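# Chain and residue survey
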Amino acid sequence: MKIVKKVLLFLLIVFIIAQFFRPDKNQGEIASIEPFLLETNPPADVKLILKEACFDCHSDVTRYPWYNNITPVNYWLKRHVDHGKKDFNVSKWKGNSVKRKDHKIEELIEEVEEKKMPLESYTWTHSEAKLSDEQIKAIVDWAKNVRLKYALEPEPE
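Described below are features of the structure shown in this document. As the structure is a prediction and not an experimental result, all values here were calculated from the model.

The next subject is the layout of surface pockets. Over the atoms, a rolling probe the size of a water molecule traces out where space has been left empty. Considering only enclosed or pocket space, the largest pocket measures out at about 720 Å³ in volume. Taken together, 35 residues form the lining of the largest pocket, with Cys57, His58, Gly84, Met117 and Leu119 sitting closest to its centre. For the lining of the largest pocket, the elements supplying multiple residues, two or more each, are helix H3 (44–53), helix H4 (55–58), helix H5 (73–87), helix H6 (98–113) and helix H7 (120–123). Ranked by residue count, the leading element in the lining of the largest pocket is H5, at eight residues. For the lining of the largest pocket, the residue count by class is 20 nonpolar, eight polar and seven charged. If you add up the space inside the second largest pocket, you get close to 170 Å³. Along the walls of the second largest pocket sit Ile30, Ile33, Glu34, Leu37, Lys47, Lys51, Phe55, Asp56, Ser59, Val61 and Arg63, which together make up its complete lining. Mapped onto the lining of the second largest pocket, the elements with two or more residues apiece are helix H2 (34–40), H3 and H4. For the lining of the second largest pocket, the residue count by class is five nonpolar, one polar and five charged.

See the structure below:
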């Protein structure tokens, strides 16, 4: 029994020390999202869905929950955010080509229709991000209209 107590004490000490080491937060400017919103012009209901279900992981602006203050949870969240931004980052929308923007919107449609996004692990603690069939339809309809706009837009030479 003594060895179990020593191991538990050691793990507790490691856990406490780990709290002093934290990853950088994703704390960009909210204005970085504006070019995406202006260009894609989502209706109010879709804009709210994007804010509640997408922007935390797919922009440079993340609203962190209280449990982000606990190591190692904060490293796990950072990994999710970094991966989400790598795949689709609305804060970096402005510099992309029309072809790339169209492709990203196409991927958005696919991920939302197949209910792969938002991630289930995100909706566990963000119930407002769990999309109803009506919300999925609203996002997909908006995104298809955005793709039509891009199809009509000539690529600069």
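Before going further, it helps to examine the packing of aromatic side chains. A full pass over the atoms with the stated rule returns six aromatic pairs. Each ring, one from Phe36 and one from Trp93, has its centre 5.0 Å from the other, and the planes form 90°; the classification is edge-to-face. Separated by 57 residues along the polypeptide, Phe36 in helix H2 and Trp93 in the loop between H5 and H6 bring together distant segments of the chain. Note on Phe36: relative accessible area 0%, which makes it buried.

Two quantities define a packed helix pair, namely the angle between the axes and the distance from one axis to the other. One way to put it is that H6 packs onto helix H8 (residues 133–152) with a least axis distance of 9 Å and a crossing angle of 160°. What the angle tells us is that H6 and H8 run roughly antiparallel. Classified by chirality, the crossing of H8 by H6 is left-handed. Across from Val98, Lys101, Asp102, Ile105, Glu106, Leu108, Ile109, Val112 and Glu113 in H6, the residues of H8 making contact are Ile136, Ile139, Val140, Trp142, Ala143, Lys144, Val146, Arg147 and Tyr150. Tallied by class, the residues present in the contact of H6 with H8 amount to twelve nonpolar, no polar and six charged.

The rules behind the values
Residues numbered from 1 in each chain as written. Predicted model: local features only at pLDDT ≥ 70, side-chain atom pairs only at ≥ 80, totals over all residues. Heavy atoms only, no water. 1 Å grid on protein atoms, 1.4 Å probe; cavity = no way out; pocket = protein on both sides within 12 Å on 5 of 7 lines; lining within 4 Å. Points joined across faces, edges and corners; volume = space filled by probe spheres on them. Helix = DSSP H or I, 4+ residues; strand = E, 2+ residues; numbered from the N terminus. Nonpolar A, V, L, I, M, F, W, Y, C, P; charged D, E, K, R; others polar. Phe/Tyr/Trp six-rings, centres within 6.5 Å; stacked < 30°, edge-to-face > 60°. Buried < 20%, exposed > 50% of the residue type's maximum accessible area, 1.4 Å probe, protein only. Axes fitted to C-alpha atoms, helices over the stretch in contact; angles between N-to-C directions. Parallel < 35°, antiparallel > 145°, perpendicular 65-115°, else oblique. Left-handed = near helix turned anticlockwise from the far one by under 90°. Contact = heavy atoms within 4.5 Å.

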